[in-house]
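Residues per chain are reported as follows:
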Amino acid sequence: MSRPPLLAFFGHHKCASTWIHNIVDALCAEAGWRLDYLYGEHQFDRNLAAHVERKKLDWISYVNADARHLAGLPALRGFHVVRDPRDLVVSAYFSHLHSHPTHTWPELVPHREALIACDKTQGLLREIEFSSQFLAHMAGWDYGRPDVLELKQEQFTKDPYRGFLDIFRFLGVLDESHYNKRRWLPYLTQSTVNITQRLAGGVQPLRLPRDSIPGERVLGVVYDNRFEKFSGGRGKGKENVKSHYRKGQGGDWINHFEDVHVRAFKERWNDLLLALGYETNADWRAG
């Protein structure tokens, strides 16, 4: 099996991108694949193709994916995850109010101060405006690329084990053959070398990149990153507004949007909502 020149995860803010990247990162470490986590154009000087070539990357996690920066990339296989834009706004509101780090995002500081100073009704209106930068990336995405698997977070997270197997199968890097005891020892040796090289920051020259990942390891890493582990034991649907893993459940916008938010959202993003299939009628309502 020959691995594609470039593998890619394309995500958006508050679309489970941290969780997905953590799983990808762990598997890339074992496989010896060079990965870069990209959340802003400043990280690649607005030239993503040159950045990939300069760093000899095997995989990118582009978690604020802007389609305008994909021009010039080598042949790739990737996957792209979106969610209901209304849920994105609600999730962003609570995250920006309470938990999202600000040390690499100074623009969030005044926004958080504004959210603290107002009630939830006004805060969600502010958040619709603030999060428009992320919704614009979703609206500008090319959803017809045959080399990119399109996924909705709500469906994907219902069965993440099957979901990640489907992803790695689509990428062409899933080893579905049986791994007996004799096969596991060479894999563990190889992955140990690769992880050591990663931890050494590339100083250690030896790297043994693989062409594929055993399905058992994909499932194991997904299990190790299950929601309950990082939410303090809470199951999906049980809310902690101050946690980065707040609720883990789709459709939560219904619990927070008022008529004023519905009107504001429709003015800016109704076309996106309909294009993604989250509503079939332009005159949808809250509740």
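Scroll up a little and you will see the structure.
Source: prediction; values computed, not measured. Within each chain, residues carry numbers counting from 1 in the order of the written sequence. Local features in this predicted model are restricted to residues of pLDDT 70 or higher, and side-chain atom pairs are both shown and tallied only at a pLDDT of 80 or more, whereas totals for entire chains, interfaces and linings draw on every residue. For side-chain calculations, the full set of non-hydrogen atoms in the structure is used, while hydrogens and water are omitted.

Draft legend 1. View of the pattern of salt bridges. When a carboxyl oxygen of Asp or Glu lies within 4 Å of a side-chain nitrogen of Lys or Arg, that pair is called a salt bridge. In this structure the tally under the stated criterion is 18 salt bridges. Note that Glu30 is salt-bridged to Arg217, the shortest N-O span being 2.5 Å. Of this pair, Glu30 sits in helix α1 (residues 17–31) while Arg217 sits in helix α10 (residues 215–224), and the two are 187 residues apart along the sequence. Residues Lys56 and Glu53 are paired through a salt bridge, measuring 2.6 Å at the closest nitrogen-oxygen approach. Relative accessible area serves as the criterion here: at 46%, Lys56 is assigned to the partly exposed category. Relative accessibility decides the category of a residue: with a 1.4 Å probe and only protein chains considered, values under 20% of the type maximum give buried, values over 50% give exposed, and everything between is partly exposed. With a relative accessible area of 49%, Glu53 lands in the partly exposed category. Every helix listed is a DSSP run of H or I at least four residues long, and every strand listed is a run of E at least two residues long, numbered separately from the N terminus.

Draft legend 2. Molecular detail of the packing of α1 against helix α9 (residues 181–199). In the contact formed by α1 and α9, the axes pass within 6 Å of each other and the chain directions differ by 110°. Looking at the two axes, α1 sits roughly perpendicular to α9. Here Asp25, Cys28, Ala29, Glu30 and Ala31 of α1 come into contact with α9, specifically with Tyr187, Ser191, Asn194, Ile195 and Arg198. Polar here means any residue outside two lists: the nonpolar Ala, Val, Leu, Ile, Met, Phe, Trp, Tyr, Cys and Pro, and the charged Asp, Glu, Lys and Arg; Gly therefore counts as polar. For the contact of α1 with α9, the residue count by class is five nonpolar, two polar and three charged. A fitted line through C-alpha atoms serves as each axis, taken over the contacting stretch for helices, and the angle formed by two N-to-C directions is quoted from 0 to 180°. The scheme is simple: roughly parallel for angles under 35 degrees, roughly antiparallel for over 145, roughly perpendicular for 65 to 115, oblique for anything else. In what follows, a contact means two residues having at least one pair of non-hydrogen atoms within 4.5 Å.

Draft legend 3. Representation of the packing of aromatic side chains in the model. Two aromatic rings, drawn from Phe, Tyr or Trp (for Trp, its six-membered ring), form a pair once their centres lie within 6.5 Å of each other, and the interplanar angle then sorts them: stacked below 30 degrees, edge-to-face above 60, tilted otherwise. Tallied over the entire structure, the rule returns 19 aromatic pairs. Here the aromatic rings of Trp253 and Trp284 are separated by 5.4 Å at their centres, their planes lie at 85°, and the arrangement is edge-to-face. Of this pair, Trp253 sits in the loop between α11 (227–230) and α12 (259–275) while Trp284 sits in the segment after α12, and the two are 31 residues apart along the sequence. Since its relative accessible area comes to 5%, Trp253 is described here as buried. The class for Trp284 is buried, based on a relative accessible area of 4%.

Draft legend 4. Seen up close, the sheet that holds strand β1 (residues 6–10). If DSSP finds at least two bridges between two strands, the strands pair. Strand order in the open sheet made by the five strands is β2-β3-β1-β4-β5, with parallel pairing throughout. Pairing within the sheet leaves two strands with one partner each, and these edge strands are β2 (35–38) and β5 (148–152). For this sheet, the mean inter-axis angle between neighbouring strands, taken without regard to orientation, is 10°. Two strands pair when backbone bridges link them, and β1 and strand β4 (residues 76–82) are joined in this way by five bridges, in the parallel orientation. Across the sheet, Ala8 pairs through a bridge with Gly78, a residue of β4.

Draft legend 5. View of unusual backbone geometry. Phi angles above zero are rare outside glycine, and Asp45 is one such case at about 50°. With respect to the element layout, Asp45 can be found in the loop between β2 and α2 (48–55). The exposure class of Asp45 is exposed, given its relative accessible area of 62%. Non-glycine residue Arg46 carries a positive phi angle of around 60°. Secondary-structure assignment places Arg46 in the loop between β2 and α2. Taking the relative accessible area as the measure of exposure, Arg46 reaches 56% and is therefore exposed.

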